[in-house]
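This is what each chain is made of:
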Amino acid sequence: MTNRAEPIFEIAPREAINPPMRRHSPTHWRAVVLLLPALTLTGAVLVAPLVVTVVESFAAGGGALHNYEALARDSSVRHAIVNSLRWLVFAPVVCLAGLALSWPGRRRRTGRVVIAVLAAPVAVSALVTGAAFRLLFAPQSGTATAVFGGVTFLGPGWIWVVLGLAFTWQWLGLVAVVFRASVAEMPWDLLRVARAFGAGRLRQARAVVLPALLPVGALMLIIVLVAAARVFELVLAAAPGAIQDQVDVVGVHLWRFGPLLGTGESAALAVVLLLFVAIVALAGLWGLRREWPAGRPAETSENLSAGRPAETSENLSAGRRWGLWAFGGLAVVLWVVPLVVLLLTSLHSPRAAAAAGWWSGGWGWGSYQAAFADGMLLSTLGSTAVRALVAAALLLVLAVPAAYALTWGGLPRPVVRALVAAATVLAVLPPQVIATPLGTVLDNLQLLGAATPLILVHVAFGVPLAILLLRGAFASVSRDLVSARQLDPVRGSALFAVITRCWPALLTVAVFEIVLVWNDLVIGLLFGGTEAGSVTLVMFEQVRQFATSAGPLAADAVVITLLPLILVLATGRWLLRGLAEGVQR
Amino acid sequence: MAITRRTALKALALPCLAGLGTAGCASDSIVRVAVVWSGWELSQFVRVMNAFSERYGYGYSILSMGDDTTAFLANEVTADAQPDVALVPQPGLVRSSAPRLADVGWPRPDAAAWRSVLLSGAGPGGQYGVWFKAAYESMVWHRDDLPLPAAGWDWDTWTAWCRDEARAGRPPLAVGAADGWVLAGWFANVLLSIDPAVYRSLVSGYATGRKAGTGPGWDNGSVREALTRLADLWRVTGMFPGGPERALVTQFDESVLEVFQYRQAAMVVGSDFFWPIITQSTSFPPGRVRWFPFPSRPPEKAPIVVAGDAAVLFKRPSESPVGLALIDWLASAKAARIWAGAGGFLSINDQVTKEDYPYPAAMRPADLIANVQQGSPDGGPATFDVADELGGSLGGGDGEGTWKIFTDFFTEVAVHRSAVDGAIDAVISALDNGVSGA
């Protein structure tokens, strides 16, 4: 029983089915105590600067909407906003493509390799992704340029294709894999019954398929939409300097022109960015609240990560089987290309990597030597790893009690709902939104750029998502067990009982935080610096002279990607299970 | 976000990195230096600092200011983040930051053109910095197989030859238009040949005491003439390998490769710091690299656009001997020779001679040295690059200020082939609307 697969991701506000817990009012203060550390940190680091930003957007300058009017008059701001909206429109397209990709051979088992390869880009930082695609489409030595000669991929117009492909590469695989896991979970018996009763295809889709996929679809949509609203590194890494203006987005504009816009206007633009992500996230939250199907047998979840083995009795013609193999194979090949090109480029001497594509000679370890030559990479690898580990540990210390309090603390339902909604908005908060006020405070405390406060900022940004993830898992623990322990702590603390039964969720949260901190560029750029030491900043420096730094740059990218990739692949089963399952409650 | 930039600038120390020669942190024997370099250039500077460490017995730590030195010097920074010495590429910024800087005196009698740009105009006159690294940005680089006219090239014969080559399907020019400063450098060279006086009054505004929003506007005949010359050349079909669209995605280092590695273009306009790119990233024999000065139209003088990094010392409540020692070291010929030997570095110290540089005779190192020491075409104060002189919203950065203005101009005239007059009006209006200042 203890090893039952717990749902470990749940964004929907959980509604207690049992009688109201008001009688246990003593648990209220206990829940508040458990919530307090997490609330204090997020309140100080995220909420307070957020409030300052919102107030300043209206107050600074003259007239309540003065700053917003000024933004509307600024053509470059309008341009950035329109581009950000384009990304938001693109996100559902990626999700639909993921659904389509998950459909062929839907009742067959999906190979582990295919799943791993398709989902791997999630572990790759957006900075590395941007660099990989710039390398692929570079004008002289780009692989794609060599294949489709004569096209200036990174130029005006085409750059959108490159950025779109990079974004697709990063997210499409995950969407497809998660959809597939949930397609395998579909109530095929129900579908068979519907068919037997003569329901048409449309009716089948409306009555069975769509409701079954809606929860996971909504979650995927939130994840991809939020990624779209937070596009930043991709623009800076993949687009050459002169082109960046054309593909400017709100996040980049805010970072670059904040000082010139002035306090009020940059605050107003930050609020616009916040509105984008908040609306998206809250809409997703609303979508996830619709529950279906009501009661699902627990044992089906056991086979999730490997697809749906029960359905192999279905006879496929040899041709179709080969078609599926080819389809899977093609997807795998396409998906590994960017990372393979990075790897092959890094295995050339810097001179060879600068002068020609990876298919020409000049193999050697020179690029790795160059990457490590000035000592920066090595020292930042250490400091980033320490920061990621400390942040993950601290995050668990703060988020586990908070999530427990929100799940089993017996808090009034409206309070829980409000906190979950707030956590959802904070989970998707782009760091640029609060950079000015938070930076000013850190500056006044003489902490800007130092290593320790940077960890706290990372943890604060991680807490909301961690609480959402943990809540889903904690809720799956048997209510009887928790109540029994709560009433009779002599047999052991209820919190401890919950934790021991939810260790995969804790692991997932830790892995997420390690990967997020490790891959972060924005927070390091805004609040850190090289003193704090972050691997992505070291690599970001190289982008300035992209062509002649191609070799060391690729070596940086490979070194940076190794750790998160291994971590995610090693723990992928739990991550995937959580994403595909927990949302359906 | 004021913070983003300041952050990047403020506290980017490499604390006590192994291999960087630091001898322990938080000690009076440590000097903190803020620089703008990264990558190979930073590794060269580290060599210079290692030699300092050995010679004087002081430790050091290096802070990287990133692109934005302005915020770094203009704002009061916390004591922890305050460097002892900063290497600043904008002379105007040094002058306007004078109240916070220590008068370091002038250790040598040479290069008057360079000295005068660091003198504080207002208040008690003093010498608020010494030059460590200089750059000469009025060069046209090419391979030795380029047929040169016996009399050398002026603007008209040069552009005529370029047009002929373009028409014949052999792109004559590589240009790293993806880097806005490359295009701004073209403009600086052409405007400086046409009218050094206007260049001084508009670009080197500090030299004449002009402040943002005052004095003459950008709309004058010389500026229009300079932009017209550029537009006429840039919009010629076949001028750049792969066309102007590809030029827009080509960075300066790649434009060097286009000439010396891929041989897709005959020449590239640029600076002395192209040398290490040629020697490190191409297989072209260094002995066959050539250059000539950026052409002008007689009787105009050949332009001399320069850049440089001045070492400044921040005022302290108690004078720090470490900082002064470092200033002395950075101004010395010994320090200069360490980096000069690797190339991509020019010194205005006249004890650094052509033997100290890696350049073969064909590179005419003596001319490089003479030009950079002269510092300006007319004997006046050194004429700095546009983006280094104009601060504020006209300063540089991808998609920002002058970089963006000239990128837009290039896009309009070369890629979109819009009417030249309209594109020129757009540049002038953008420059007039920009807020210049440190």
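Criteria and cut-off values
- Residues numbered from 1 in each chain as written.
- Chains lettered and ligands numbered in written order.
- Predicted model: local features only at pLDDT ≥ 70, side-chain atom pairs only at ≥ 80, totals over all residues.
- Helix = DSSP H or I, 4+ residues; strand = E, 2+ residues; numbered from the N terminus.
- Contact = placed C-beta atoms within 7 Å.
- Buried ≥ 20, exposed ≤ 12 C-beta atoms within 10 Å, placed from the backbone.
- Axes fitted to C-alpha atoms, helices over the stretch in contact; angles between N-to-C directions.
- Parallel < 35°, antiparallel > 145°, perpendicular 65-115°, else oblique.
- Nonpolar A, V, L, I, M, F, W, Y, C, P; charged D, E, K, R; others polar.
- Pairing = 2+ DSSP bridges.
- pLDDT = per-residue confidence, 0-100.
- Core = buried A, V, L, I, M, F, W, Y, C linked by C-beta atoms within 7 Å.

**Considerations on the overall build of chain B**
Summing up its helical and strand segments, chain B has 18 helices and 9 strands in all. Taking the intrachain contacts of chain B between residues at least 6 apart in sequence as the baseline, contacts between residues at least 24 apart amount to 77%.

**Describing the overall build of chain A**
A tally of regular secondary structure across chain A gives 25 helices and 0 strands. For chain A, the proportion of its 585 residues judged to be buried stands at 57%. Expressed as a percentage of contacts within chain A between residues at least 6 apart in sequence, the contacts between residues at least 24 apart total 82%.

**Notes on the packing of helix α4 (residues 112-119) of chain A against helix α7 (residues 158-184) of chain A**
Angle between the axes and distance between the axes are the two parameters that describe a pair of packed helices. Residue and element names in this part refer to chain A. At a minimum axis separation of 7 Å, α4 and α7 run at an interaxial angle of 140°. The angle between the axes of α4 and α7 places the two elements in the oblique class. Of α7, the residues touching α4 (which contributes Ile115, Leu118 and Ala119) are Gly173, Leu174, Ala176 and Val177. When the residues that make up the contact of α4 with α7 are grouped by side-chain class, the tally is 6 nonpolar, 1 polar and no charged.

**So, the pairing of strand β4 (residues 130-136) of chain B**
Residues and elements named next belong to chain B. Counted residue by residue, β4 has 7 buried out of 7 residues, so it is predominantly covered. Note that β4 and strand β9 (residues 306-313) share 6 bridges and pair antiparallel. Counted as the bridge partner of Tyr136 is Val306 from β9.

**Thoughts on the sheet that holds strand β7 (residues 267-270) of chain B**
Each strand in a sheet pairs with another by means of backbone hydrogen bonds, the pair being arranged parallel or else antiparallel. Residues and elements named next belong to chain B. Pairing is mixed across the open sheet formed by 4 strands, whose spatial order is β6-β7-β5-β8. Where the open sheet ends on each side, the last strands, each with one partner, are β6 (173-174) and β8 (289-293). Relative to β7, strand β5 (residues 139-143) runs antiparallel, the two being bridged by 4 bridges. Paired with Met139 across the strands is Gly270, a residue of β7.

**Remarks on the confidence of the model for chain A**
Residue and element names in this part refer to chain A. Model confidence for chain A is summarised by a mean pLDDT of 83, while 87% of its residues fall at 70 or above. When mean pLDDT is compared element by element in chain A, helix α5 (residues 126-136) scores highest at 95, while helix α9 (residues 201-229) scores lowest at 81. Here residues 1-16 scores under 50 on pLDDT; set against residues more than four positions off or in separate chains, the count is 57 contacts. Taken as a whole, residues 291-313 scores under 50 in pLDDT and shows 34 contacts with residues more than four places along the chain or in a different chain.

**Digging into unusual backbone geometry**
All names here are of chain B. With an omega of 5°, the peptide bond between Pro298 and Pro299 qualifies as cis. As for its position among the elements, Pro299 is in the loop between β8 and β9. Not every positive phi belongs to a glycine, and Arg263 is a case in point at roughly 55°. Mapped onto the elements, Arg263 comes out in the loop between α11 (252-260) and β7. For Arg263, a count of 14 C-beta atoms within 10 Å gives the class partly exposed.

**Details of the nonpolar core**
Val224 and Ala399 of chain A are the most contacted members of the largest nonpolar core, which totals 336 residues. Ignoring any residue separated from it by four or fewer positions in sequence, one finds Ala399 of chain A in contact with Ala38, Val463, Ala466, Ile467, Leu470 and Val509 of chain A.

**Remarks on the environment of Val322 of chain B**
Residues and elements named next belong to chain B. Note on placement: Val322 falls in helix α13 (residues 321-331). Val322 gets classed as buried once you count the C-beta atoms within 10 Å, which come to 22. Taking the C-alpha atoms as reference, Val322 lies 20 Å from Lys133; in sequence the two are 189 residues apart. The contact partners of Val322, leaving out residues within four places of it in the chain, are Ser29, Val31, Tyr58 and Asp84.

**Details of the environment of Val85 of chain B**
Residue and element names in this part refer to chain B. Here Val85 is to be found in strand β3 (residues 85-88). A count of 28 C-beta atoms within 10 Å places Val85 in the buried class. Between the C-alpha atoms of Val85 and Gly323, which are 238 residues apart in sequence, the distance is 6.2 Å. Excluding its chain neighbours within four sequence positions, the residues that come into contact with Val85 are Val31, Val33, Ala311, Val312, Leu313, Gly323, Leu326 and Ile327.

**Remarks on α11 of chain B**
Burial runs high along α11 of chain B: 9 of the 9 residues are buried. Every buried residue belonging to α11 of chain B is among Phe252, Asp253, Glu254, Ser255, Val256, Leu257, Glu258, Val259 and Phe260 of chain B, and all of these are buried. Contacts from the buried residues of α11 of chain B go to α14 (350-355) of chain A together with β5, β6, α7 (180-194), β7 and α12 (275-281) of chain B.

**Description of the environment of Thr411 of chain B**
Residue and element names in this part refer to chain B. Topologically, Thr411 is positioned in helix α17 (residues 401-415). You can call Thr411 buried: it has 23 C-beta atoms within 10 Å. As a C-alpha pair, Thr411 and Leu248 span 163 residues in sequence and 7.8 Å in three-dimensional space. When residues no more than four places from it in sequence are discounted, the contact partners of Thr411 are Leu248 and His416.

**Concerning the packing of helix α20 (residues 479-487) of chain A against helix α21 (residues 494-501) of chain A**
All names here are of chain A. Interaxial distance between α20 and α21 falls to 8 Å at its minimum, and their mutual angle equals 150°. Judged by the inter-axis angle, α20 sits roughly antiparallel to α21. Touching Leu481, Val482, Arg485 and Gln486 of α20 are Ala494, Ala497 and Val498, all from α21. Here the residues of the contact of α20 with α21 are counted per class, giving 5 nonpolar, 1 polar and 1 charged.

**Details of the pairing of β9 of chain B**
Residues and elements named next belong to chain B. Where burial is concerned, most of β9 is hidden: 8 out of the 8 residues are buried. Side chains of β9 alternate between two faces, with Val306, Gly308, Ala310 and Val312 and Ala307, Asp309, Ala311 and Leu313 buried alike. Note: β3 against β9, 4 bridges, orientation antiparallel. Across the sheet, the residue bridging to Leu87 is Ala311, located in β9.

**A word on the confidence of the model for chain B**
Residue and element names in this part refer to chain B. Residues of chain B with pLDDT of at least 70 account for 82%, and the chain-wide mean is 83. Highest mean pLDDT in chain B belongs to β6 (98); lowest belongs to helix α1 (residues 2-10) (31). Segment residues 1-27: pLDDT under 50, and 98 contacts once partners within four positions in sequence are set aside and those in other chains are kept. Note that pLDDT drops below 50 for residues 206-210; the model gives that stretch 10 contacts with residues more than four away or on any other chain. Across the whole predicted complex the pTM is 0.87, and at the interface the ipTM reaches 0.83.

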